[in-house]
Structure formats: structure tokens, C-alpha cells
Amino acid sequence: MNAGSSLIDIQVIYRPNCNFLTAFIKEGKLNMFEQIKLPYAFDALEPHFDALTMETHYSKHHAAYTNNLNTLAQAAGIDSKPIEVILAHWKRKGEGKADAQGIRNNGGGFFNHNLFFAHLSKNGAHEPSGELADKINATFGSVDALKEQLSKLGAGQFGSGWAWLSTDIDGNLSVSSSPNQDNPILESEGKLFPILGIDVWEHAYYLKYKNLRADYIKAFFEVVDWNKVAENYAAAKETLAKLAK
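All of these numbers come straight from a predicted model, not from anything done at the bench. The residue count restarts for each chain, going from 1 along the sequence in the order it is written. A pLDDT threshold of at least 70 governs which residues receive local features in this predicted model, and a stricter bar of 80 or more applies before side-chain atom pairs are shown or counted, although totals over entire chains, interfaces and linings include all residues. Heavy atoms throughout the structure, all of them, feed into the side-chain values; hydrogens and water do not.

Peer 1: Can you explain the environment of isoleucine 83? Please cite residues and give values.
Peer 2: As for its position among the elements, isoleucine 83 is in helix α2 (residues 83-88). Distance from isoleucine 83 to alanine 73, taken between C-alpha atoms, is 9.8 Å for residues ten residues apart in sequence. Helix and strand definitions here come from DSSP, where helices need a minimum of 4 consecutive H or I residues and strands a minimum of 2 consecutive E residues; each element is numbered from the N-terminal end.

Encoded structure:
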């Protein structure tokens, strides 16, 4: 780029199989992480997820995590790194630094919500199929057994947090829960990658479900698109291979 040029060099990493979008817009030192663009209207998931909750969740909470991450990552000089790399390396390279907790909280919030909103759909697949279904049946016994485990983890998470279905580099599945905006990438230092996430922060459900978290989790399974989860499964194994290098 010539000195004084107004040209913006845009580099976009887009994983169509995963629906995660990390955009680095480079103009000098300006790098940005972006929220995914919702492929549905805020009221599209009614009656399971109400429009006001969806709008507030996406436009306020997710937007705040994204904006805060951009500010903190730029100040820390790590804004050119993919979010999964930042999270996988956080314990080794970030913990203990002045901005570490903010990056952990907002980086997790950014990534987790991109995953969450991307695998919701009004007309998605209600059951897994193919390789993912086979792996679920082999690991958990049945799809219903998996849903039961995830529901217990989500309902039993004390305070705010998430319930996860994750894969390792070899495609082995596991379930877990995390407090706050942590996730399996951070917790495992890049050895696990979530392919399905249930947000059990109150902002995800309280306007409609009040304190009935279990009812919200039941509704989640009415709008999660298992085809998207299967795409996440395939893409996650490729991402884990890159993180392992």
C-alpha cells in the first residue's frame, strides 16, 4: 500500500461449514472481530425464543462482547489473531496480564455467541444424521440420551454459563459445562472445540421463561439446527489440527 493511501486491506477468514466469521479489517493498526450476520429475523424463532430476547441478546449483549474484545485485543497487540487461537493460548500467554481477564471474558463472549446464533434456525434439521448421528449414538447411546446429559449440565450450571457438545481432533465427542463466558477451547488449551453450545445466562431466556431454565433448554432443542452442528463437527476437527501445530 502506498503511503497516504486510503485503501483498506481486508482479510476475511470464513468457514462456511462452521458459520464462524472472523474479519480482520486492516487499516494501519485497526483490526476488527465481527458478529455473525443473522440469517433470520429476531422473531423467526417464535414461539420458542421471543423476538425481544433475541434482539436484546444479539444487539446488546453480543455486540458489547464484540466491541470490548476489539478494544482489548487491539490494545494487547493480538487483534490480528483468530479468536480460537487467542482462547487456546490464553492460559499460557495471557493469564496474569493486566488485560487478561477482559480478553478471556469478552473473547469467550464473542466466540460463544457467534456459535450460538449460527446454529439456530426456524426450519433446521431437528435430528442429527450421518457421521455425527453415528458418533452420538456410539458415544451417548442415543440422541435423546445426549440431550438429557446436555439438559442436566445446562440446568445444573450454577449461575451464568454454558453447556457444550465438543469434539477433539480425532472426532471423539464429549459434553461439559463452563462458568461465565469460558468454553472448552480455553479450558482445554485448544484440545477440544465446541460444536453446540447452550447459553444459560439469564439474558438468554429470562424475559420469556423467568426462572424456568429447564423449559428454555427444552425450547432450545426445538430451534437448534443439527445440520449446522454437523457442519461445525467437520470444521472443528480441521481447526483443531491447525491449533495443534
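Peer 1: For the packing of helix α1 (residues 51-76) against helix α4 (residues 100-118), give the residues involved together with the corresponding values.
Peer 2: Between N-to-C directions, angles cover 0 to 180 degrees, with each direction set by a line fitted to C-alpha atoms, over the stretch in contact for helices. Here α1 crosses α4 at 135°, and the two axes come no closer than 8 Å. Relative to α4, the element α1 lies oblique. α1 and α4 meet at a crossing whose hand is left-handed. On α4, the residues touching Met54, His57, Tyr58, His62, Ala64, Tyr65, Thr66, Asn68, Leu69, Leu72 and Ala76 of α1 are Gly102, Ile103, Asn105, Asn106, Gly107, Gly109, Phe110, His113, Asn114, Phe116 and Phe117. The nonpolar class holds Ala, Val, Leu, Ile, Met, Phe, Trp, Tyr, Cys and Pro. Asp, Glu, Lys and Arg form the charged class, and all remaining residues, Gly among them, are polar. Grouping the amino acids of the contact of α1 with α4 by side-chain chemistry returns eleven nonpolar, eleven polar and no charged. Reported orientations rely on four angle classes, namely roughly parallel under 35 degrees, roughly antiparallel over 145, roughly perpendicular from 65 to 115, and oblique for the rest. Handedness of a crossing follows from how the near helix is turned relative to the far one, being left-handed for an anticlockwise turn of less than a right angle and right-handed for a clockwise one. In what follows, residue pairs with any heavy atoms lying within 4.5 Å of each other are defined as contacts.

Peer 1: Just give me the short version of the sheet that holds strand β4 (residues 173-179), but keep the residues and values in it.
Peer 2: Adjacent strands of a sheet pair through backbone hydrogen bonds, lying either parallel or antiparallel. A pair of strands is treated as paired once DSSP finds two or more bridges between them. What the three strands build is an open sheet, ordered β4-β3-β5; its pairing is antiparallel. A strand with exactly one partner marks an edge of an open sheet, and here the two such strands are β4 and β5 (193-199). Each adjacent strand pair in this sheet contributes to an overall mean axis angle of 25°, direction not counted. Note that strand β3 (residues 161-167) and β4 share seven bridges and pair antiparallel. Looking at the pairing, serine 166 lines up with serine 174 of β4. Against the sheet, α4 makes contact with β3 and β5, and its axis sits at roughly 80° relative to β5, the strand it touches most.

Peer 1: Which residues make up the packing of aromatic side chains, and what values do they have?
Peer 2: Two aromatic rings from Phe, Tyr or Trp, using only the six-membered ring of Trp, form a pair when their centres are within 6.5 Å; if the ring planes differ by under 30 degrees the pair is stacked, by over 60 it is edge-to-face, and anything between is tilted. Here the structure, examined in full by the defined rule, presents 13 aromatic pairs. An aromatic cluster is present here, built from Phe42, Phe49, Tyr58, Phe116, Phe117, Trp162, Trp164, Tyr205, Tyr209, Tyr216, Phe220 and Phe221 joined pairwise through their rings. The ring centre of tyrosine 209 lies 5.7 Å from the NZ or CZ of lysine 208, which sits over that ring. By definition, being over a ring means that NZ of Lys or CZ of Arg is both within 6 Å of the ring centre and within 35 degrees of the ring normal. Of note, lysine 237 hangs over the ring of tyrosine 233, and the distance from its end group to the ring centre comes to 4.1 Å.

Peer 1: Please set out the pattern of salt bridges residue by residue, giving values where relevant.
Peer 2: Salt bridges are counted wherever a side-chain nitrogen of Lys or Arg sits within 4 Å of a carboxyl oxygen of Asp or Glu. Tallying each qualifying case throughout the model produces six salt bridges. For arginine 92, the salt bridge goes to glutamate 189, with nearest N and O atoms at 3.4 Å. With arginine 92 in helix α3 (residues 90-94) and glutamate 189 in the loop between α7 (184-188) and β5, the pair connects residues that are 97 residues apart, well separated along the chain. When a residue's accessible area, from a 1.4 Å probe over protein chains only, is under 20% of the maximum for its type it is buried; when over 50% it is exposed; and in between it is partly exposed. The class of arginine 92 is exposed, set by a relative accessible area of 52%. Glutamate 127 is the partner of lysine 147 in a salt bridge, and the nearest nitrogen-oxygen pair spans 3.5 Å.

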